[in-house]
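Read off the chains here:
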Amino acid sequence: MEPSSGSRDARPAVTPVAAVLPAGGSGERLGGATPKQFCAVQGRPLVSYTVRAMERISWISDIIVVVSPENIETMKSIIEKYDHKRVVLVKGGITRHRSIFNGLKVFAENEFSNHLLQKPEVVIIHDAVRPFVEEDILSKVVMAAKEHGAAGAIRPLVSTVIASAADGCLDHSLERARYRASEMPQAFLFDIIYEAYQQCTDYDLDYGTECLHLALKYCKTNAKLVEGTADLWKVTYKRDLYAAESIIKDNLSQQVCVITDVKEAVAQVGFLLHESLKSQIKVEAISISLSKNDSHLQNIFSGQCYNFVCINDKKYAIQETQQLVDMLEKSNIPLLYRVVLILVHLDISENISFSIGMEELTRMKKFAREFKKKNILVYGLLIQYKDHLLLQETVNSAAALIMALIRDRNPDLIGQLLVA
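Peer 1: Before we move on, could you go through the pairing of strand E16 (residues 376-384) and cite the residues and values that matter?
Peer 2: Most of E16 is tucked away: eight of the nine residues are buried. For strand E15 (residues 339-347) and E16, the ladder comprises nine bridges, and the chain directions are parallel. Its bridge partner lying in E16, Val344 is registered against Leu381. Of the crossover connections in this fold, the one passing from E16 over helix H14 (residues 391-408) to the parallel strand E17 (residues 417-419) is left-handed.

Next up, the structure:
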């Protein structure tokens, strides 16, 4: 049920595998009072997306999240709110390496956990602020670590690296084609990386940043370098938060379910809307009565659909809307991601005057505010079915509005009635 396009067909032949997520950074480069791992992206803390990326992979047995002592309670509330499983919280150290070392100790030293977890054969180390990691790259680094002792994702350098002289002038530059940027995830045989941390100096723990280097320096383990994908980047600056939100919105905007009842006019508009939308988004069209709790709709809920359009010729289909919301809640779809629900009112009356009064609009806004608390964004859309010759044009306009609402997912527009 995840908005993801990554491959999941490569399960590593290694058990067990654990993951350590250092999440103790202060977010100094981001600016602002909130550390970047706790910044909200589409209403949800960034770290929750990364935890979920690990959590949805069945062969990762334990997820160790290492946070600074002052943020333990914050992280506990995130785990509870988003119902994360297999997560163990550990207090971090004053530096990245000290935090990772603390995360590894839960498998070897009682003082860092109420009970020792099963020691993994391979441990993944991945930054909590890299939320777009896929199972395919995780599997590749784990299998490479199984063979070589250590492995890490790399990417081509984007900019040329230069060194400056003492006077601030150019000293020399590196040949960009020969070098790579070290990224995450990285994976290690647990015994190798734990031994490396046990042996490394205080200087390494306080000033080092590269885990692969520790494995090489203290355990003579040459890491296998694995080409990573472009989405392994790290959220560092405020602009990166905007980029992350854009990616998440795009992932959530891949499919829409159009629900109509069996009435002829409603079914016709549903068909035209399907035809108008299908060039822009995958469309599942269902013609049912919600009161029948249709199994096809239940199957949609179990898939990767986070957008629903409900077409009705009633002034305001309160009962049907409530039924749909209840079904969405039971499916747990809104738990992790905002769901867009667009209520399309089909006006088939002959009266030229505006057919929805202030009472209905006020009621809709009230319902939308209540549903927002459940992570469901409700919008209204009016289609006037007056002139059959202009119906296709009106439906095309409605489709454009629907796509804009789905892509933008703006909580400030909930409860508004748009007119196609």
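Peer 1: I'd like to hear about the sheet that holds strand E5 (residues 87-91), residue by residue, with values.
Peer 2: The strands that make up a sheet pair up through hydrogen bonds in the backbone, lying either parallel or antiparallel. Taken together, the seven strands give an open sheet; going across it, the order is E5-E4-E1-E6-E10-E7-E11, and neighbouring strands pair in mixed fashion. The sheet is open, and its two borders are formed by E5 and strand E11 (224-227), each paired with just one other strand. The mean angle between the axes of side-by-side strands here comes to 25°, regardless of whether they run parallel or antiparallel. Two elements, strand E6 (residues 122-125) and strand E10 (residues 180-189), share four bridges in a ladder whose sense is antiparallel. Residue Val122 lies in a different strand from E10, and its bridge partner there is Leu189. Contacting strand E4 (60-67) and E5, helix H2 (residues 72-81) crosses the sheet at an angle of about 175° to E5. Of the strands in this sheet, E6, strand E7 (150-156), E10 and E11 touch helix H7 (residues 211-219), which is tilted by about 60° from E10.

Peer 1: I'd love a proper account of the environment of Ser99, names of residues and values included.
Peer 2: Structurally, Ser99 can be placed in helix H3 (residues 96-105). The sequence separation of Ser99 and Leu21 amounts to 78 residues, and the corresponding C-alpha distance is 9.3 Å. With near-sequence residues (within four places) excluded, Ser99 lies in contact with Val66, Gly92 and Gly93.

Cut-offs and rules
Residues numbered from 1 in each chain as written. Predicted model: local features only at pLDDT ≥ 70, side-chain atom pairs only at ≥ 80, totals over all residues. Heavy atoms only, no water. Buried < 20%, exposed > 50% of the residue type's maximum accessible area, 1.4 Å probe, protein only. Helix = DSSP H or I, 4+ residues; strand = E, 2+ residues; numbered from the N terminus. Pairing = 2+ DSSP bridges. Right-handed = clockwise from strand over helix to strand, strands pointing away. Axes fitted to C-alpha atoms, helices over the stretch in contact; angles between N-to-C directions. Contact = heavy atoms within 4.5 Å.

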